[in-house]
Amino acid sequence: HLFFPSCPQFSPLNKQSTMAKTKEEREQSRLEAKARAEKRKAAKDAAKQQKELHGDNDAATAADAKMNINDLRKNLPISKEHNSSLAMVTLPIDALSRVMRYLPAREWGAVSLTCTGLNLTLGGCRVSHISSRLMRREDEEGKQSTCGSMCLVGGLQLCVDRKEAQDILDRSFVGGGETNRLVSKKMKLSRKKNPNGDADADEYPAYARFVEEATLGYSAMQCSRDALFPTHVQGRFASCSPEHTLLRIGGGGNTASGPGGSGVASWGVGKRGQLGFGKREDEPEPRLLLSKIGWGVRIVQVAAGGGLVRVAHSLLLTSTGRVLSFGTAQYGALGHGYDAGKQLSDCLRPRYIDALKNEKCICVAAGELHSGVVTMDGDVYTFGEGFCGQLGLGDRRPQLLPKQVTLGGLEDECVNNMSMGCRHTLVTTDDGDVYSWGLGRFGVLGRSYTDFTYNNDVGMAVPEGEEGHVAGVAARPPPMQAAAMDNIINAANDDGTNDIMAALDALNLTLDDPSDQCYPKVIDSLQGVRCVGVSAGHRHSMVLDEFGGLYTFGSGASGALGHGDLQGQEYPIKVQEFDNMRVRIHQFSAGVDMSLAVDTQGTVYAWGKASEGRLGLGMGRLQTALPREVDVGDAKFKAVDVECGYVHSLIVGLDGSVYQCGGVGVDGKDDGQQDLDIEENQRGLPRLLSGFNIWHRIAEPKEKVVKEQWKKYGKYELKGRSKMLQEGVRSIG
């Protein structure tokens, strides 16, 4: 009682009452247990009396159960004979095809799993189903195409008839070469019995899901049936930064993850942990991420961020609407905030952003040192570096945790797409409007803007002397001493936000800025044009309208805008070359002074800086100011997606294969194609990533666990200093 004066229950005076209360509770428990036992006994006696009354015996009961099972089996579609009684099978094949083509790939797979025998009888329906995703309703003259009313895609023309659709379906199983794809036992047995039959029936739902994502933007996200991808999202299958690449590939076949590019492979420079393997090492070839990514966690979008300053990070979007990030944490680009030691430590393996756990995201984007997400409700959250206003939060401060963008009227808009460049951000809304914010230099915002200010009086115009650049407006701070500048640089290198603020205060500077570069503002010159996609490059931007027209603006260096010259543009200008060729664009990407696009027929076009084979136009061409067709060396190849980096780019084929143009130098090597086995006449052309196909299901790779060897020093066992340092870095990541 002396030691617990505030707790009367510990007082010796209350000991007797406490024990008495405990005995009462025990007696009550015994009475309740006795009542339950009597109730069970009564139920057992009643069942025994019922059995004696009807004269039942165990044999009769077992016979009835067996009969019920046989009746149930008669209604199960376990063979063609049993399927003949199903209403679905009694339909004529043309009527059945029309019904099945409206089923999404996920529901098609459910029907195949439910009706075992029906799966093998839907060969003709598969061709009709896939052709409805590849052919458009009307041709250029307004005439109806040969596929009739079954077409679900109004703009694509990736095949012209069912024969070509059958050829595309056959090529999809062998695209990318030998990938060690998984084949079910049932299909192996069917292949042995009938070598000429349809032995890949079980794999079709996986390919159909891949095609639907590429053409319709349908990703079957688990967070909501209404939460679909925007049709022209960046990073759908691949994403490139100047230093590394992310590619959706592989994955398992269980219901939690599903096929169709569920996993992720990464390669390139890995000094900041942006590859996600738990170490700071480069990878010359694609390597699959582990930690159940693709086998339990299905990835539906990737975003590779970084710039020319040797920093990079990565974002992954799961089918449940969660976001993972890894790589450099400088300025809060990963969205994890401070760690326990109030440090911004790099993350070497994928880690969920806890601040977004209550939000269902449908789109992610990554810039040089800033990141952003779009939620199912159309809200935008940004985080990371904001010194150029690229976060859209009304100031130029870094943001360590995701924060919603509400300025400029964006809070009342429903955003469906986002893309981030080096220092600027673009988004599109459901109404077809485009908003831009961030550093407006070179004209990347596509609109007029006010200057940045320091102390509200020091903003000045800086004309650009380099050919092809727009006379931009940049803010120049007042003269400062070398020691003061060193303090800011050191604070930035140490990721010390508070130190940066203190250094700026000492110089009488502030990160509050009224410039409209710091908050979203609609691009007025695109009013009346309904836009469906955006792509923000290093210093130029691209916008796609609903009719396949492509608009570019920003720096015209190396002809990156595609207008036939090197001049920059402050406002969106339509690429007339595509109109002259009567070409409509489906997917596109803006990189560092280069651009790629795919038209509705699967042809790839490239323009801009072309040295070192980065555009796949060969080694002899340094740049091109007009779109040029890219030949991958396969006459039947059709593309569905492209992605640009700095010295390399990727092309994703309709069959799931992937081609790489150029290459990032790893382990100290020079940039460009480093494969010495390539013939001289093939250098600078697209190179097939052999052994990889986006939609093929593959076995889950197992992470090798290396047993650590301990060194003995006297009677203690200690690890070497280098080993301890390496483990310390891993634990932080």
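The sections below set out a description of the structure shown in this document. Predicted model, so just to flag it, every value in this text is computed and none were measured.

## Focus on the overall build of the chain
From N to C terminus, the chain includes 14 helices and 32 strands. For the chain, buried positions account for 52% of its 733 residues. In the chain, once contacts between residues fewer than 6 apart in sequence are set aside, the share between residues at least 24 apart is 59%. With an accessible surface of roughly 34,900 Å², the chain has 51% of that area assigned to carbon and sulfur atoms.

## Things to note about the nonpolar core
Core analysis: the largest hydrophobic core is formed by 44 residues, its most contacted members being Leu134, Tyr207, Phe210, Leu247 and Leu654. Put simply, the parts of the chain that give this core at least two residues each are helix H5 (93–100), helix H6 (105–114), helix H7 (123–131), helix H8 (162–172), helix H10 (204–215), strand E1 (238–240), strand E3 (264–268) and strand E28 (648–653). Here this core gets seven residues from one element, more than from any other, and that element is H10. With residues up to four places along the chain from it excluded, the contact list for Leu654 reads Leu134, Leu158, Ile168, Tyr207, Phe210, Val211, Lys638, Ala639 and Val640.

## Let's talk about the sheet that holds strand E30 (residues 687–688)
A sheet is described by the order of its strands in space; here four strands give the open sequence E27-E28-E29-E30, paired in antiparallel fashion. Two strands in the sheet have a free side with no partner beyond their single neighbour: strand E27 (639–644) and E30. Sheet topology places E27 next to E28; five bridges connect them, and they run antiparallel. Of the residues in E28, the one forming a bridge with Glu643 is Leu650.

## Section: H8
Buried within H8 we find Ala165, Ile168, Leu169, Arg171 and Ser172. Down the axis of H8, the smallest arc covering the buried residues is 165 degrees, so these residues share one side. Of the residues flanking the start of H8, the one acting as N-cap is Asp161, its side-chain oxygen 3.3 Å from the backbone nitrogen of Lys163.

## Notes on unusual backbone geometry
For Asn180, which is not glycine, the phi dihedral falls at a positive 60 degrees. With respect to the element layout, Asn180 can be found in the loop between H8 and helix H9 (185–193). You can call Asn180 exposed: its relative accessible area is 57%. A positive phi angle, close to 55 degrees, is found at Arg582, a residue other than glycine. One can find Arg582 in the loop between helix H13 (576–580) and strand E23 (585–590). Exposure remark for Arg582: the relative accessible area of 57% places this residue in the exposed category.

## Section: the pattern of salt bridges
Evaluation of the coordinates by the stated rule reveals 23 salt bridges. Among the ionic pairs, Asp282 bridges to Lys271, the shortest N-O distance being 2.9 Å. On the criterion of sequence distance, the pair formed by Asp282 in the loop between E3 and strand E4 (283–288) and Lys271 in the loop between E3 and E4 is long-range, its members being eleven residues apart. Among the residues examined, Asp282 registers a relative accessible area of 10% and is labelled buried. A relative accessible area of 44% means that Lys271 is categorised as partly exposed. Salt bridges sharing partners connect three or more residues here, namely Arg171, Asp634 and Asp655.

## Regarding H5
Taken together, the buried positions of H5 are occupied by Leu96, Ser97 and Met100. Down the axis of H5, the buried set is contained in an arc of 100 degrees. They therefore lie on one face.

## Description of the state of the cysteines
Across all of its chains, the model carries zero disulfides by this definition. Left without a disulfide partner, Cys240 is nearest to the cysteine sulfur of Cys644, which lies 7.6 Å away. For Cys240, a relative accessible area of 9% gives the class buried.

## Regarding the packing of aromatic side chains
In this structure the tally under the stated criterion is eight aromatic pairs. Between Trp108 and Tyr204 the ring centres are 5.3 Å apart and the planes differ by 65 degrees, which places this aromatic pair in the edge-to-face class. Taken together, the residues Trp108 in helix H6 and Tyr204 in helix H10 connect sequence positions 96 residues apart. The pair Trp108 / Tyr204 is uniform in exposure class, with both members buried. In textbook terms, an aromatic cluster arises when at least three aromatic residues are bridged by ring pairs, as seen for Phe173, Tyr207, Phe210, Phe237 and Trp695. Sitting over the face of the ring of Phe387, Arg396 holds its NZ or CZ atom 4.6 Å from the ring centroid.

## Details of the environment of Asp433
In this structure, Asp433 sits in the loop between strand E14 (424–429) and strand E15 (434–438). The spacing of Asp433 and Glu413 is 20 residues in sequence and 9.4 Å in space, taken between C-alpha atoms. Discounting chain neighbours no more than four positions away, the residues touching Asp433 are Val427, Thr428, Val522 and Gln527.

## Quick word on the side chain of Ser595
Turning to its location among the elements, Ser595 is positioned in strand E24 (residues 594–599). Polar contacts involving the side chain of Ser595 include one to the side chain of His540, which spans 3.0 Å. Sequence-distant contacts of Ser595, that is, excluding residues within four places in its chain, are made with His540, Met542, Ala560, Ser589, Tyr605, Ala606, Trp607, Leu615 and Cys644.

Conventions and cut-offs
Residues numbered from 1 in each chain as written. Predicted model: local features only at pLDDT ≥ 70, side-chain atom pairs only at ≥ 80, totals over all residues. Heavy atoms only, no water. Helix = DSSP H or I, 4+ residues; strand = E, 2+ residues; numbered from the N terminus. Buried < 20%, exposed > 50% of the residue type's maximum accessible area, 1.4 Å probe, protein only. Contact = heavy atoms within 4.5 Å. Areas by Shrake-Rupley, 256 points an atom, 1.4 Å probe, with all protein chains shown as cover. Core = buried A, V, L, I, M, F, W, Y, C linked by side-chain atoms within 4.5 Å. Pairing = 2+ DSSP bridges. Arc of directions from axis to C-beta. Polar contact = N/O pair within 3.5 Å; in protein donor to acceptor, adjacent residues only side chain to side chain. Salt bridge = Lys/Arg side-chain N within 4 Å of Asp/Glu carboxyl O. Disulfide = S-S within 2.5 Å. Phe/Tyr/Trp six-rings, centres within 6.5 Å; stacked < 30°, edge-to-face > 60°. Lys NZ or Arg CZ within 6 Å of the ring centre and 35° of its normal.

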